[in-house]
Amino acid sequence: MNKKIFIICLFFIFLFLLPFYYQFSFSKYVFDDFFTATKIQIDKKPIIEVIGISNSNKGYETYANSTDFVALRVKITEKNITINQFHQDMIQILIGETKISPSIKIYLLSNQNGEIIYDVMLSKITGNGKLYVVFPEGIIEDSFGQKNDFQKFDTGILIDNISPTSTCKEISIENNQSQYIIQSNENLRPIDGWSFYDTNSSLSNVFSSPIYYPITITDYAGNSSEVFVNVQHAKNIMLYYANHNGYPITQFHHNGEVSGKQAILDASSKKSERILTFLEGNIDNRMLQARVFDYTYWGENTTAMCNSSEIKYTYGYSPSSTTWFDISSQNAVYYLGKLALQLGGYGHNTAGNTCLNQKNPIPENVAKQNLYGLSGIAFQLKNCEDYSIVYQIYVPSIGWLKASSDGEETTYSHTKPFSAIRINIVPKSEKQRFMNYWNRVIYTDYVE
């Protein structure tokens, strides 16, 4: 019994193992099954980025106004572009949140290896505020239908088209000098000869004499405004002068005032026959030097005597074309209680007047025409490094001539005497600005 059961068990075991036997490699052929996955290429969206920015406002590149050019270098990364709408009609320019319409020009720099480089040039940018450039969504599209994302780029540039405003004050300091301060509502660029006072929005300078002239202040964006410097109380160096042109002299003028203005107001033909001048204050009076060209009725090689002093005046250059008078010379005279240097002499246009040889008196009809007097003049400050002397003459029927300075002769013609004059001592740093102001009135009858 046990044997029979054993055999039956072996038979069933055999039947159970039989299918597994035929799966081993004893068969003639072996088949391998392979599964091929779908190849998927992952493509990114087109990318627009600003890789550089420049501003024509050199030295102040984070500021600009409508006169500046702002350039952005833009890179587009995409190999399979099918739609490219990168042009000026699609790019948006914002000042803050406000859309503006500046001039936009686009230049293609390169297109290779899936990268396109453009330069975007902006000009005539209006408004005031931060400058943004917007690249809208979808201006670049690839072959898979993917589009660039919306991008708002902050240029880091402040657009400012408003000129600075300012207030001014004069502060008296030691030695009868004045500190003049210009206070602006915004930061200013430096000005030669001036210093920043407390902050970059205020400028100051020290003056030794009264002076009036404009100066241009400029903000970081390049906007400018004109401010008048009006120093009234500085008396460290004072220049006084009087111009005798046939009208009574009752006072000395000083530091830029017009001497002889009544002749201009009256449209008179009267000419300057003599000038008296001197210095006061912290300066040697002998530093002021002058020479004139004296045009007289009696002509060359003649000398006459001033009717109100014993000062002689001579036809032509006096003392000469290369030498100078100063207050220590024989031309010094007391007038209105002051010791002054006299140039020329009173009596050029007085009927009956003669030169020293007592001949050739001036006829009355000639005297009435006022044809004679000082026709050229030059001043200088001897051995002075910090200051210049500026002067300007008025010639009847011609007007004011171009201002001269520091030894230059001013004349319209040696046969056309002048009738009014103004003179001022100015810091050398302000000389050109001051002269430019006086030169605004060339060939006019302007009087203050």
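Predicted model, so just to flag it, every value in this text is computed and none were measured.

(A) Examining the overall build of the chain more closely. Per the secondary structure count, the chain includes 4 helices and 31 strands. In summary, the chain has a C-alpha radius of gyration of 45 Å against a globular reference of 22 Å for 448 residues, an excess of more than 25%. Projecting the C-alpha coordinates of the chain onto the three principal axes gives extents of approximately 185 × 45 × 40 Å. Among the 448 residues that make up the chain, the fraction classed as buried is 47%. The long-range fraction of contacts in the chain, counting pairs at least 24 apart against all pairs at least 6 apart in sequence, stands at 66%. Working note: accessible area of the chain is about 24100 Å², and carbon and sulfur atoms make up 51% of it. Counting 37 positive and 42 negative side-chain charges, the chain places the centres of these two groups 4 Å from one another.

(B) Spatial organisation of the nonpolar core. Judged by nonpolar contacts, the single largest core of 30 residues is most densely connected at I377, F379 and I389. At the level of secondary structure, the elements contributing two or more residues to this core comprise strand 18 (237-244), strand 20 (274-281), strand 21 (288-295), strand 26 (338-344), strand 27 (373-381), strand 28 (387-395) and strand 31 (420-427). Every residue in contact with I377, bar those within four places of it in the chain, is listed here: I275, R291, V292, L343, Y391, I393, E408, E409, T410, F418 and I421.

(C) Focus on empty space enclosed by the protein. With the rule as written, the count across this model stands at 1 cavity of 30 Å³ or more. Taken together, F207, S208, S209, I211, Y387, I425, V426 and P427 make up the lining of the largest cavity. Per-class residue counts for the lining of the largest cavity are 6 nonpolar, 2 polar and no charged.

(D) Focus on the sheet that holds strand 8 (residues 115-123). Judged by pairing direction, the sheet is antiparallel, and its 4 strands sit side by side in the order 1-3-8-7 without closing on themselves. Only two strands of the sheet have a single partner each, and these edge strands are strand 1 (47-55) and strand 7 (103-112). Averaged over all neighbouring strand pairs, the angle between strand axes comes to 20°, with direction disregarded. Where strand 1 lies against strand 3 (residues 70-77), 8 bridges are found, and the strand directions are antiparallel. Looking at strand 3, one finds that I47 is bridged to T77.

(E) The sheet that holds strand 27, seen in detail. Taken together, the 3 strands give an open sheet; going across it, the order is 24-21-27, and neighbouring strands pair in antiparallel fashion. Each of the sheet's edge strands pairs with one partner strand only, and the pair in question is strand 24 (316-318) and strand 27. If you compare each strand with its neighbour and ignore which way they point, the axes differ by 20° on average. In this sheet, strand 27 lies alongside strand 21 in antiparallel orientation, the contact comprising 8 bridges. Considered in strand 27, the bridge of F293 is made with G376.

(F) A look at the pattern of salt bridges. Following the criterion strictly, the structure yields 12 salt bridges and no others. Close ionic contact of K75 with E115 constitutes a salt bridge, the shortest N to O distance being 3.8 Å. Here K75 is found in strand 3, whereas its partner E115 is found in strand 8, with 40 residues between them in sequence. Accessibility expressed as a relative area gives 18% for K75, which makes it buried. Residue R286 pairs with D284 through a salt bridge whose shortest N-O separation is 3.0 Å. The exposure class of D284 is partly exposed, given its relative accessible area of 35%. Three or more residues are tied together by salt bridges with common partners; here these are E49, K75 and E115.

Each value, and the rule that gives it
The residue numbering used here restarts from 1 in each chain and proceeds along that chain's sequence as written. Where totals are concerned, whole chains, interfaces and linings use all residues; where local detail is concerned, this predicted model gives features only for residues with pLDDT of at least 70, and gives and counts side-chain atom pairs only at 80 or more. Calculated side-chain values reflect all of the structure's heavy atoms, with hydrogen atoms and water omitted. Segments assigned H or I by DSSP are reported as helices when at least four residues long, segments assigned E as strands when at least two residues long, and all are numbered from the N terminus. Just to be clear, the radius of gyration here is over C-alpha atoms, and the globule rule we use is 2.2 Å times residues to the power 0.38. Here's how the labels work: a residue is buried when its accessible area is under 20% of the maximum for its type, exposed when over 50%, partly exposed in between, all with a 1.4 Å probe on protein chains only. Whether two residues are in contact is decided by their heavy atoms, any of which lying within 4.5 Å being enough. Accessible areas in this description were obtained via Shrake-Rupley with a 1.4 Å probe; residue shielding takes into account the shown protein chains only. Positive: Lys, Arg. Negative: Asp, Glu. His and the chain ends are not part of the count. Throughout, a charge is located at the NZ atom of Lys, the CZ atom of Arg, the CG atom of Asp or the CD atom of Glu. Residues enter a nonpolar core if they are buried and are Ala, Val, Leu, Ile, Met, Phe, Trp, Tyr or Cys, with the set joined through side-chain atoms within 4.5 Å. Here a cavity means grid points, on a 1 Å grid over the protein atoms only, where a 1.4 Å probe fits yet cannot get out; a pocket means an open set of points with protein on both sides within 12 Å along at least five of seven lines; lining residues are those with an atom within 4 Å of a point. Grid points are joined across faces, edges and corners, and a volume is the space filled by probe spheres set on the points. Residue polarity follows a fixed list, in which Ala, Val, Leu, Ile, Met, Phe, Trp, Tyr, Cys and Pro are nonpolar, Asp, Glu, Lys and Arg are charged, and the others, Gly among them, are polar. For two strands to be treated as a pair, DSSP must find no fewer than two bridges joining them. Axes here refer to lines fitted to C-alpha atoms; in helices the fit is confined to the stretch in contact. Angles between the N-to-C directions go from 0 to 180 degrees. Only one rule defines a salt bridge in this text: a Lys or Arg side-chain nitrogen within 4 Å of an Asp or Glu carboxyl oxygen.

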